[in-house]
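# What the coordinates show
Single-letter residue listing:
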Amino acid sequence: MMRTSTLPATTPGSGTKIVFARLTLMMLLEFVVFGSWFATLGLVLATYQLPAIIGTAYSLAAVAAIVSPMFLGAIGDRFLASQKSLGLAHLAGGVVMVFLPAVVEAGNGGLALALIFVYCLFFQPTLGLTNAIAFRHLGANNRWFPYIRVFGTFGWVLAGLGVGALGLSASVGMFTVTAIVSFVFGLYSFTLPATAPAAKGVRFSIGDVIGSKAFAMFRHRNFTVLIICALLTSISLGVYNTYASPFLGALGIQNVAGVLAIGQAAEVLFIITIPFVLKHIGMKWALLMGMVTWGIRFGVLIAAAGDHWLAILAVALQGICQDFFLVLAAMYIGEIAPAELANQAQTMLIAVVSGFGQLIGALVSGEIYDSVVASDPSAGPSAWTPMWIVPIVSAVITAIVWASFFRHGRKDKPVPFVSAATAG
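The following refers to the structure shown. (Residues numbered from 1 in each chain as written. Predicted model: local features only at pLDDT ≥ 70, side-chain atom pairs only at ≥ 80, totals over all residues. Heavy atoms only, no water.)

### Brief notes about helix α11 (residues 274-303)
Here α11 is 30 residues long, yet its end C-alpha atoms lie only 29 Å apart, well below the 44 Å a rise of 1.5 Å per residue gives. Along its length, α11 shows its largest kink, about 110 degrees, at G282. (Helix = DSSP H or I, 4+ residues; strand = E, 2+ residues; numbered from the N terminus. Expected span 1.5 Å × (residues − 1). Bend = angle between axes of the 7 residues up to and from the residue.)

Next up, the structure:
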């Protein structure tokens, strides 16, 4: 019988510290994998004469985030231990990454897009799986999550600095780095604390494949508002992820991967402030801070057309944008979602953020890029301004919706969602 260890809600003992250390290493490796390819994929494609597929590549990554997480979430909730799902996904992804360098070097855009899509089908669900594994083993100590999640930020910084130091920011060699780390993490995943399927023994239905059981969470008012605002905010995320690295390259900034790592370094500084911020302003206003800062960030990028330092400032705002949006959203869902829906609820968040929202952002920014920037390369960085306006508008709408409809006082405790299975 598989046992799932959970940290006691007391002062950590030696066993607790070991579990905590294993979870932090899990998060570190997850984001070393992610940060080694995702941040500068657009720059690599542009370098190898494939700029026309940048928007499509990030759009396919978003589609994969929609298609695959719910399926793997249903598997993880019922049939396969979460740590095994995590390991298999990274091993398979590493195999795909092995073939990407030669394909991109050959300028085969169609095959490159196909491989990127297949890789993302394996990778995207792992973002939700790592969150779910961490919350399962933290138990009543879910407020420790930021201290585990911060190691994911360290991982991204390590990946960015490593890729930059190796001179691979614009090279297909970064795919090889990703493959190697994926194999290492895939093997390590099988050694993680056993995380038994939360809904094992519950009858499986076709609806579980698309995560339909988690749709019941929409009866929870605040969850619904959170998902809507996450969708709106992640449009900004999609624009930034798709074109930040080419924009920095257009500004003439060298070592783009290293500069982008500044954003993750800022995350480290801000993530440790989460408990303090939650105590003093509460969940609602902390999340609003993260959502609004996305709009401010793109205002700074507009001003950065003639100033490299402003561009670096915009990158550094990643700390607030990410920590007070995605990390807090995952924490809130971890507090309100019942155990049998935990994987699917977390993967729903990832599907909305890395899927639907990023897809909209990538498609819209791709159209603007093709019609305004790519059509007139001599126009310079100021030509990117129309693209940056889209996230600003999205941030304004998000702020209005969030402030008006999310009900959560500064000292209120989250109200857990009670599923039909639990109620019965």
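### Re the packing of aromatic side chains
Under the criterion given, the structure shown has 26 aromatic pairs. Judged by centre distance (5.4 Å) and plane angle (85 degrees), the ring pair of W37 and Y119 falls under edge-to-face. Highlighted residues: W37 in the loop between α1 (14-35) and α2 (41-47) and Y119 in helix α5 (residues 109-138), separated in sequence by 82 residues. Residue Y119 is classed as buried on the basis of its relative accessible area of 1%. (Phe/Tyr/Trp six-rings, centres within 6.5 Å; stacked < 30°, edge-to-face > 60°. Buried < 20%, exposed > 50% of the residue type's maximum accessible area, 1.4 Å probe, protein only.)

### Some remarks on the packing of helix α9 (residues 221-250) against helix α10 (residues 256-271)
The interhelical angle for the contact between α9 and α10, taken along N-to-C directions, is 130 degrees, at an axis separation of 10 Å. As far as their axial angle goes, α10 and α9 are oblique. When you trace α9 past α10, the crossing you get is right-handed. For the pair α9 and α10, the contacting residues are Y240, A244, S245, L248 and G249 in the first and V256, V259 and L260 in the second. Among the residues making up the contact of α9 with α10, the classes are represented as 6 nonpolar, 2 polar and no charged. (Axes fitted to C-alpha atoms, helices over the stretch in contact; angles between N-to-C directions. Parallel < 35°, antiparallel > 145°, perpendicular 65-115°, else oblique. Left-handed = near helix turned anticlockwise from the far one by under 90°. Contact = heavy atoms within 4.5 Å. Nonpolar A, V, L, I, M, F, W, Y, C, P; charged D, E, K, R; others polar.)

### Brief notes about the packing of α10 against helix α12 (residues 308-316)
Contact pair α10 / α12: the axes reach a minimum separation of 7 Å and the direction vectors enclose 40 degrees. On the basis of the axis angle, α10 is oblique to α12. Judged by the twist between their axes, the crossing of α10 over α12 is right-handed. Every residue of α12 that contacts α10 at V259, L260, I262, G263 and A266 is listed here: I312, V315 and A316. For the contact of α10 with α12, the class distribution of residues is 7 nonpolar, 1 polar and no charged.

### Details of unusual backbone geometry
One non-glycine residue with positive phi stands out, namely Q49, at about 60 degrees. When you line up the elements, Q49 lands in the loop between α2 and α3 (54-78). Assessed through its relative accessible area of 65%, Q49 is described here as exposed.

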